[in-house]
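# Chains, contacts and geometry: an overview
This is what each chain is made of:
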Amino acid sequence: MAHSAPVISSNSGVAAKLGKAIGAALLDTVEAYGEISFTVERKKLATVLEKLRDKHEYQQLVEIAGVDYPDRPERFEVCYHLLSLTKNHRIRVKVSTDEDNPVPSVTHIWEVAGWLEREVFDMYGVLFDGNTDLRRILTDYGFQGHPFRKDFPLTGYVEMRYSEEAKRVVYEPVKLAQDFRNFDFMSPWEGADYILPGDEKVEGQAPPPTPKTTEKPSDTGAGKKADKKAAKPSKRSEAEVEKPAPKQTKSGTQKKGEGK
């Protein structure tokens, strides 16, 4: 039985129609890569999302994602990905904020938003006004900082380990086994302009011998002569091949007809 491909709604006219419905709360509309994004005022977010759900059939909140732009005055973007089950169409609604100004919670519109808002809070430190259970969800107890921020160190601030002395898990400041190195991202085949540790030991010594190259067949011994020689049959005759040892009976004597 043949199955028809799912019908995906076109973006044609959607941006203009929804932009008009959002009204004065709309700050920007971007349509790129087959996706439509609306940036709206932070304080009017809940009203906009409720209108999109009830009047324009975007029933499902698929995801709430955070983005960090450290150079912006409001460094965080909170992105709401909506799906219309009846239209089979997706849109994105975005708001901007910083570390101090909370984003209105939408848990009264979608219950699943509670977990999604907690994840953005945990990873970025964005606050959500109206979320009654805003606490970390992915990181460990006592975790410091927010790991998805661009200025968060790759090593973190603290590390945990099991202490044999204390007989429990302890948290300690991160101690690196070696100092941070400055990487120049040069190709290893080009070599560095500075002296690497250990290079000072070869100062004054003769340079190493030039390595043998095999750029031509003659450098390796390959070629027509070698191929011709390899094609010749072996000089060993069948008579020179070592015969297997004769089988022995239990009595140690050779059976009749064997060994010939």
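This section reports on the structure supplied with the text.

What counts and how
- Within every chain, residues take consecutive numbers counted from 1 along the sequence as written.
- Residue-level local features of this predicted model are given only where pLDDT is at least 70; pairs of side-chain atoms are given and counted only at 80 or more, and the full residue set underlies all totals for whole chains, interfaces and linings.
- No hydrogens and no water enter the side-chain calculation; it runs on all heavy atoms of the structure.
- Definitions used throughout: a 1 Å grid over protein atoms alone; a cavity as a set of points that fits a 1.4 Å probe which cannot get out; a pocket as an open set with protein on both sides within 12 Å along at least five of seven lines; a lining residue as one with an atom within 4 Å of a point.
- Grid points are joined across faces, edges and corners, and a volume is the space filled by probe spheres set on the points.
- Per the convention used, a helix needs a DSSP run of H or I reaching at least four residues, while a strand needs a run of E reaching at least two, with both numbered from the N terminus.
- Nonpolar residues are Ala, Val, Leu, Ile, Met, Phe, Trp, Tyr, Cys and Pro. Charged residues are Asp, Glu, Lys and Arg, and all others, Gly as well, are polar.
- Take the number of residues in a helix, subtract one, and multiply by 1.5 Å to get its expected span.
- Only protein chains enter the accessibility calculation, which uses a 1.4 Å probe; a residue is then buried when its area is under 20% of its type maximum, exposed when over 50%, and partly exposed in between.
- Residue contacts are defined here by distance: any two heavy atoms, one from each residue, within 4.5 Å place the two residues in contact.
- Buried residues of nine kinds, namely Ala, Val, Leu, Ile, Met, Phe, Trp, Tyr and Cys, make up a nonpolar core once their side-chain atoms join them within 4.5 Å.

### Quick word on the layout of surface pockets
Of the pockets and cavities examined, the largest pocket occupies roughly 220 Å³. Together, 15 residues line the largest pocket, and Gly 34, Glu 35, His 89, Arg 90 and Ile 91 are the ones closest to its centre. Secondary structure elements with two or more residues in the lining of the largest pocket: strand S2 (35–40), strand S4 (76–84) and strand S5 (89–97). Here the residues of the lining of the largest pocket are counted per class, giving 6 nonpolar, 6 polar and 3 charged.

### Comments concerning helix H3 (residues 113–124)
The terminal C-alpha atoms of H3 lie 16 Å apart, and with 12 residues this matches the ideal 16 Å at 1.5 Å per residue to within 8%. Among the 12 residues in H3, 10 count as buried, and that is most of the element. Listing the buried residues of H3 in full gives Ala 113, Gly 114, Leu 116, Glu 117, Arg 118, Val 120, Phe 121, Asp 122, Met 123 and Tyr 124. Its buried side turned inward, H3 meets strand S3 (60–68), S4, strand S6 (103–104) and strand S7 (128–129). The positive-phi residue at the C-terminal boundary of H3 is Gly 125, with phi of around 85°.

### Quick word on the nonpolar core
Buried together is how nonpolar side chains tend to be arranged in soluble globular proteins. Membership of the largest hydrophobic core comes to 34 residues, with the highest contact counts inside it found for Leu 45, Leu 49, Tyr 80, Leu 82 and Val 106. Within the residue set of this core, elements represented by two or more residues are helix H1 (14–22), S2, helix H2 (45–55), S3, S4, S5 and H3.

### A word on unusual backbone geometry
Phi at Glu 57 takes a positive value of approximately 65°, unusual for a residue other than glycine. Structurally, the position occupied by Glu 57 is in the loop between H2 and S3. In the Ramachandran plot, Lys 167 falls in the positive-phi region, its phi being about 60° despite a non-glycine side chain. By the element assignment, Lys 167 lies in the loop between strand S8 (158–163) and strand S9 (168–173). Given a relative accessible area of 55%, Lys 167 falls into the exposed group.

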